[in-house]
2 protein chains.
Amino acid sequence: MESVHKIISARWVVPVNESRDILENHSVVIKEDKIVEILKTEEALTKYQPDEKIALPGHALIPGFVNSHGHAAMTLFRGMADDLELMTWLNDHIWPAEGKWVSPEFVADGTRFAIGEMIRSGTTCFSDNYFYGEEVAQEILKSGIRGQICSTVIDFPTPGAETPDEGIQNAMDLWEKYKDNDYVMPIFGPHAPYTVSDEPFKKIIKLAKENNILIQMHVHETQTEVDGSIEQYGKRPIKRLHDLGLLGPHMQCVHMTALNEEDIEIIAETGSHVMHCPESNLKLASGFCPVHKLQEKGINVTLGTDGAASNNDLDMLGEMRTAAQLAKAVAQNAEALPAYEALALATINGAKSMAKEDKFGSLEAGKFADVVAVDLSDLESQPIFDPVSHIVYATTRNQVTDVWVGGKQLLANRELTTLPISELIATAIEWKEKIVKGREQTAEK
Amino acid sequence: MESVHKIISARWVVPVNESRDILENHSVVIKEDKIVEILKTEEALTKYQPDEKIALPGHALIPGFVNSHGHAAMTLFRGMADDLELMTWLNDHIWPAEGKWVSPEFVADGTRFAIGEMIRSGTTCFSDNYFYGEEVAQEILKSGIRGQICSTVIDFPTPGAETPDEGIQNAMDLWEKYKDNDYVMPIFGPHAPYTVSDEPFKKIIKLAKENNILIQMHVHETQTEVDGSIEQYGKRPIKRLHDLGLLGPHMQCVHMTALNEEDIEIIAETGSHVMHCPESNLKLASGFCPVHKLQEKGINVTLGTDGAASNNDLDMLGEMRTAAQLAKAVAQNAEALPAYEALALATINGAKSMAKEDKFGSLEAGKFADVVAVDLSDLESQPIFDPVSHIVYATTRNQVTDVWVGGKQLLANRELTTLPISELIATAIEWKEKIVKGREQTAEK
């Protein structure tokens, strides 16, 4: 018998592999940080000698979620301003609050808090567009989750960068430091076509190509953005980005509503990726991303929650359900984005967009053991004709019981193992009290 | 000090009254089955002497959800067939399965199972369109929940009724038996314009008006239905129902997609109600109900989960979040259906459609004590700028900890008090095994 570290045996294993298998009574065998083999439980227990045996007879194992777009620290602004149009929400609420409060300490506290919520809902890798990337990196490393850090580049001064050049330098510094790290994955995060002018874009794409660095950007978030680009640049945002040479397999385009056939053609031809954030798009009335049309053209579509200030949670199970339901209505076709494909959006497709599909995103031998256990034994999950249907259409975040990243257990029977939950909650409440007091003082003036 | 039965003291009370209050550190005082008063906790504890004091320092109290459209027993078909167009789903999967399996025993078992899920997610009153109403009534009475039973009337033979006249007689028998009951509320449930011809409609409206009985029907579920009506009757379904005299404040129209201005005008003028089922409409690609437009015309819009065979859960918290998010995108206005209004859809508006707004649907003195406690103390609910924002946009069903209907506690710290959960689960699994075996036998033939 071969010595291994862990055998996790479950009622179902949903590997999200190419053949979209659903395996019954199988085990995931883990050695160091990687999956050694996935095989029938009765065979696993005779072939391998593990240090730790975990039996989950009412659970399904799935790959950890890859939350491919968000703003982690903004979780501290959850529910601060709702039911407002995107530009009102940004101009009157979010940007003033960020101007007043965002600091390295805010980012560290907010990111740590967000990571707690993400681990508890089955996310094992997230993408973050925000400020003070080194603070984000430290929180990622302390918690044990994986994170793609998109360093913000924007025409106007931001926390941590007075100019676009400083933003670019921040991104390069972070990339130099972590380029070989499997947990911290730094990339460029130019904010959006309407907030970044041509010169910074040209510098970014030059550096990105020279060093093989990825880029994530908000693109086509609203029709207003598209109209503004036509007015300012004489072309639609996607055409402008394409003409600047920004599109390609290194490019992660977030949101992507208000698309015409030519836009879709350009994205498909260049092999750019699309980060779909359905709940944020709905709540901000941004528009509909035509997921089905994009998939028909072979475009890789991933899933993101966006920030909890607009969503208002970091729950990939809920986001996946919304994506699967909404895609059908938008396509006017109930066969669009079936359950297993929605699960692929939330896992392997995210890994592909990060050029990491050989390392995580599915449960397969040789990949990192980024594994999530979903409890399907309670009343709300009965009866079970198809576990994948339930995971997508009828599961809530509290059913995530256990989470491993690179074989290390970060959630054990609903308890965080690397983060102190009561401190996370207390810190969030402290920030909220400061923010409310600050608002009251401003109102008094 | 006045003797009362219960004082429930909570961090927040969200009564969903006319003035849309959010009360901090208030208590709901209960005597027998009714709310006596809602007042500050410190005052409540000096004014009243309760048999039972319940302190919920991290919770919000809200009125119980009124799930205004569903098919409870179909929860046994949860996840049996997904990702299919409405008529394929009905013709190839649901109707054959119903033909084979639906019996009084199936309805009793399925309804009991569904009631368990509904109580656990904060529903205190549901509407049911299905068969064998007396079995449904018995399950309602045993569990302690409230239920509106819409007895099915349809042109073709169904379980329990060979003809439309038998369906009508079933409805009348149930109404005679329970017309004065506050828990069992029988009404007419003609299936849909495309499955009921003019003669049964005429009989129904005559009896409804003579006896003051309400009517619930699927109307304008899809564009196909509208097109079919124009072809068969030379008019749109709503115009046809109006010409037959069916519309009015007694009429509950379910789904209501594919509406034009004239349709909306007729609904508004007649005072008919609209049951919005957003997740079912999305998942079956049925279309979009223009909630914002309906509300602008003063139409009462309520919320329903539809059956768990199409949704795939009976979770009003999830449905409310989807409704609030989707309304904004459909209206192209992020201010559409703000959080507190979404909560009204899910509570008081449902009660209004049942002509019971003087009895339940909000937390107000004199009404039945149908109260739900939502735990907002955990990480996913922090920080709290506005508890109603969190209830609508960031809460999942497991945060419902306690439920009272008419002052009786049906859920206590997540445990069902009137239903045996392990038996509910075991029975659902038994039915699933029968159904799967039946399908295999059919396939072998």
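Cut-offs and rules
- Residues numbered from 1 in each chain as written.
- Chains lettered and ligands numbered in written order.
- Predicted model: local features only at pLDDT ≥ 70, side-chain atom pairs only at ≥ 80, totals over all residues.
- Heavy atoms only, no water.
- Helix = DSSP H or I, 4+ residues; strand = E, 2+ residues; numbered from the N terminus.
- Rg over C-alpha atoms; globule rule 2.2 N^0.38 Å.
- Buried < 20%, exposed > 50% of the residue type's maximum accessible area, 1.4 Å probe, protein only.
- Contact = heavy atoms within 4.5 Å.
- Lys, Arg positive; Asp, Glu negative; His and termini not counted.
- Charge placed at Lys NZ, Arg CZ, Asp CG, Glu CD.
- Buried area = accessible area lost by both parts, 1.4 Å probe.
- Salt bridge = Lys/Arg side-chain N within 4 Å of Asp/Glu carboxyl O.
- Polar contact = N/O pair within 3.5 Å; in protein donor to acceptor, adjacent residues only side chain to side chain.
- Phe/Tyr/Trp six-rings, centres within 6.5 Å; stacked < 30°, edge-to-face > 60°.
- Lys NZ or Arg CZ within 6 Å of the ring centre and 35° of its normal.
- Domains from an automatic or database assignment.
- Pairing = 2+ DSSP bridges.
- Least-squares fit on C-alpha atoms with pLDDT ≥ 70 in both.
- Axes fitted to C-alpha atoms, helices over the stretch in contact; angles between N-to-C directions.
- Parallel < 35°, antiparallel > 145°, perpendicular 65-115°, else oblique.
- Expected span 1.5 Å × (residues − 1).
- Left-handed = near helix turned anticlockwise from the far one by under 90°.

Trainee: I tried to follow the overall build of chain A on my own but got confused; where do I start?
Mentor: Assigned secondary structure in chain A consists of 16 helices and 16 strands. Taking 445 residues into account, the globule formula puts the C-alpha radius of gyration at 22 Å, and chain A, at 21 Å, falls close to it. For chain A, the C-alpha atoms occupy an extent of roughly 65 × 50 × 45 Å along the three principal directions. Counting only residues that meet the buried cut, chain A has 66% of its 445 residues in that class. For chain A, contacts bridging at least 24 residues in sequence account for 71% of all contacts bridging at least 6. Placing the 41 positive and 67 negative side-chain charges of chain A at their respective mean positions leaves the two points 2 Å apart.

Trainee: I would appreciate a short explanation of the interface of chain B and chain A in the present structure.
Mentor: How big an interface is tends to be stated in terms of accessible area lost as the parts join. Every contact between the two is made by 65 residues of chain B and, on the other side, 65 residues of chain A. Both sides together, the interface formed by chain B and chain A hides about 5,100 Å², and carbon and sulfur atoms give 61% of it. At the junction of chain B and chain A, the tally comes to 6 salt bridges. For Asp83(A), the salt bridge identified is with Lys328(B), shortest N-O distance 3.2 Å. At the surface where chain B touches chain A, the tally comes to 28 residue pairs in polar contact (both at pLDDT 80 or more). Elements supplying a minimum of two residues to the side of chain B that touches chain A: α3 (104-120), α10 (278-283), α12 (316-331), α15 (387-393) and α16 (421-444) of chain B. At 9 residues, α16(B) tops the list of elements feeding residues into the side of chain B that touches chain A.

Trainee: Whenever I open this one, the packing of aromatic side chains confuses me. Can you help?
Mentor: Geometrically, a pair of aromatic rings is defined through the distance of the ring centres and the angle of the planes. Here the structure, examined in full by the defined rule, presents 11 aromatic pairs over all chains. Taken together, a centroid distance of 4.7 Å and an interplanar angle of 45 degrees make the contact between Tyr130(A) and Phe131(A) tilted. Note on accessibility: Tyr130(A) and Phe131(A) belong to one class, buried. Relative to Phe156(B), the ring of Trp95(B) lies with its centre 5.9 Å away and its plane at 70 degrees, an arrangement referred to as edge-to-face. Of the two residues, Trp95(B) sits in helix α2 (residues 86-101) while Phe156(B) sits in the loop between β7 (146-153) and α5 (164-178), which places them 61 residues apart along the sequence. Residue Trp95(B) is classed as partly exposed on the basis of its relative accessible area of 27%. Residue Phe156(B) is classed as partly exposed on the basis of its relative accessible area, which comes to 36%. The cationic tip of Arg146(A) hangs over the ring face of Phe368(A); the distance from NZ or CZ to the ring centre is 4.3 Å. In this arrangement the basic side chain of Arg240(A) is found over the ring face of Tyr233(A), its NZ or CZ atom lying 3.7 Å from the centre.

Trainee: Any chance you could explain the domain arrangement of chain A here in plain terms?
Mentor: Residue and element names in this part refer to chain A. Taken domain by domain, chain A consists of domain 1 (2-63 + 361-413) and domain 2 (65-353). On a C-alpha basis, the centroid separation for the pair domain 1 and domain 2 is 29 Å. Between domain 1 and domain 2, the residue contacts involve 30 residues of the former and 32 residues of the latter. Taken together, both faces of the contact between domain 1 and domain 2 bury some 2,500 Å²; the carbon and sulfur share is 65%. Our enumeration of links across domain 1 and domain 2 arrives at 2 salt bridges.

Trainee: Whenever I open this one, the sheet that holds strand β15 (residues 408-412) of chain A confuses me. Can you help?
Mentor: Residues and elements named next belong to chain A. As summarised here, the arrangement of the 8 strands in space is β3-β2-β1-β4-β13-β14-β15-β16, forming an open sheet in which the pairing is mixed. One side of each edge strand has no neighbouring strand; the edge strands of this open sheet are β3 (34-40) and β16 (415-416). Bridge analysis of strand β4 (residues 48-63) against strand β13 (residues 371-375) gives 5 bridges, and the strand direction is antiparallel. Bridge pairing in β13 places Ala-60 opposite Val-374.

Trainee: How do you make sense of the relation of the copies chain B and chain A when you look at a structure like this?
Mentor: What relates the two chain copies is a rotation about an axis together with a slide along it. Taken as rigid bodies, chain B and chain A are interconverted by a rotation of 180 degrees and an axial shift of 0.0 Å, the fit giving an RMSD of 0.0 Å. Each copy turns onto its partner about a two-fold axis. Same-surface contact between copies: 100% of interface residues of chain B are shared with the interface of chain A.

Trainee: Would you explain the environment of Ala412(B) in this entry?
Mentor: All names here are of chain B. Assignment of secondary structure puts Ala-412 in strand β15 (residues 408-412). Ala-412 sits in the partly exposed class, given a relative accessible area of 28%. C-alpha of Ala-412 to C-alpha of Ala-373: the two residues are 39 residues apart in sequence and 9.8 Å apart in space. If we skip the residues at most four places from it in the chain, Ala-412 touches Thr-401, Asp-402 and Thr-417.

Trainee: Looking at this structure, I do not really get the pairing of β13(A). What am I missing?
Mentor: Every other side chain in a regular strand lies on the same face of the sheet, so the side chains alternate between the two faces. All names here are of chain A. A large share of β13 lies buried, amounting to 5 of its 5 residues. Along β13, one buried face is formed by Val-371, Ala-373 and Asp-375 and the opposite face, lined by Val-372 and Val-374, is buried too. Summarising the sheet, β13 and strand β14 (residues 400-405) pair through 4 bridges and their orientation is antiparallel. Note that in β14 the partner of Val-372 across the bridge is Val-403.

Trainee: Quick question: what am I supposed to make of the pattern of salt bridges here?
Mentor: A pair can form between side chains of opposite charge whenever their charged atoms are brought close. Under the defined criterion, the tally for this structure stands at 54 salt bridges over all chains. The residue Arg120(B) makes a salt bridge to Glu380(A) at a minimum N-O spacing of 2.8 Å. With one member in each of two chains, Arg120(B) in helix α3 and Glu380(A) in the loop between β13 and α15 (387-393) form a pair that bridges those chains. Across the pair Asp109(B) and Arg112(B) runs a salt bridge, and its minimum N-O distance is 3.1 Å. Of this pair, Asp109(B) and Arg112(B) are both found in helix α3, 3 residues apart, which corresponds to roughly one turn of the helix. Both residues of the pair, Asp109(B) and Arg112(B), belong to the buried class.

Trainee: Help me understand the packing of helix α4 (residues 133-143) of chain B against α5(B), please; the structure alone is not making it clear to me.
Mentor: How two helices pack is summed up by the angle between their axes together with the distance between the axes. Residues and elements named next belong to chain B. The contact between α4 and α5 brings their axes to 10 Å, and the two run at 30 degrees. One way to sum up the angle between α4 and α5 is to call them roughly parallel. Where α4 abuts α5, its residues Gly-133, Glu-134, Ala-137, Gln-138 and Leu-141 lie against Leu-174, Lys-177 and Tyr-178.

Trainee: Explanation requested: unusual backbone geometry in the structure shown.
Mentor: Where the residue is not glycine, phi is negative for most of them; where a peptide bond is considered, it is trans in most cases. Omega for the peptide link from Gln382(A) to Pro383(A) comes to -20 degrees, which places this bond in the cis form. Take Pro383(A): it is sitting in the loop between β13 and α15. The omega angle of the peptide bond from Asn311(B) to Asn312(B) is 15 degrees, so this bond is cis rather than trans. Turning to its location among the elements, Asn312(B) is positioned in the loop between β12 (301-303) and α12. Phi at Val16(B) is positive, roughly 55 degrees, even though this residue is not glycine. Among the structural elements, Val16(B) can be located in the loop between β1 (2-13) and β2 (23-31). We classify Val16(B) as buried; its relative accessible area is 1%.

Trainee: When you look at the pairing of strand β3 (residues 34-40) of chain B in this model, what are you seeing that I'm missing?
Mentor: Residues and elements named next belong to chain B. Examined bridge by bridge, β2 and β3 share 6 bridges and lie antiparallel to one another. Within β3, the position partnered with Ile-30 by the bridge is Ile-35. In sequence, β2 turns back onto β3 through a hairpin of 2 residues, with Glu-32 there showing a positive phi of about 50 degrees.

Trainee: How should helix α3 (residues 104-120) of chain A be read in this particular structure?
Mentor: Note that an α-helix has 3.6 residues per turn; residues three or four places apart therefore point the same way. All names here are of chain A. Compared with an ideal rise of 1.5 Å per residue, which puts 17 residues at 24 Å, α3 spans 24 Å between its outermost C-alpha atoms and is within 8% of the ideal. The element α3 is largely enclosed, with a buried count of 15 among its 17 residues. Phi for Gly-122, located one or two positions after α3, is positive at around 90 degrees.

Trainee: How should the side chain of Asn312(B) be read in this particular structure?
Mentor: Relative accessible area serves as the criterion here: at 0%, Asn312(B) is assigned to the buried category. Engagement of the side chain of Asn312(B) in a polar contact is seen with the side chain of Ser389(A), the distance being 3.5 Å.

Trainee: Honestly, the packing of α3(A) against helix α16 (residues 421-444) of chain A in this entry has me stumped. Any pointers?
Mentor: Residue and element names in this part refer to chain A. Orientation of α3 relative to α16, taken along the N-to-C sense of each, is 130 degrees, at an axis distance of 10 Å. Judged by the angle between their axes, α3 and α16 are oblique. For the element pair α3 and α16, the recorded crossing hand is left-handed. The segment α3 lies against α16, with Glu-105, Phe-106, Asp-109, Arg-112, Phe-113, Gly-116 and Arg-120 engaging Ile-421, Leu-424, Thr-427, Ala-428 and Trp-431.

Trainee: Looking at this structure, how should I read the environment of Thr322(B)?
Mentor: All names here are of chain B. Mapped onto the secondary structure, Thr-322 falls in helix α12. Sequence separation of Thr-322 and Val-392 is 70 residues, and the distance between their C-alpha atoms is 9.1 Å. Residue contacts for Thr-322: discarding those within four places in its chain leaves Pro-278, Glu-279 and Leu-282.

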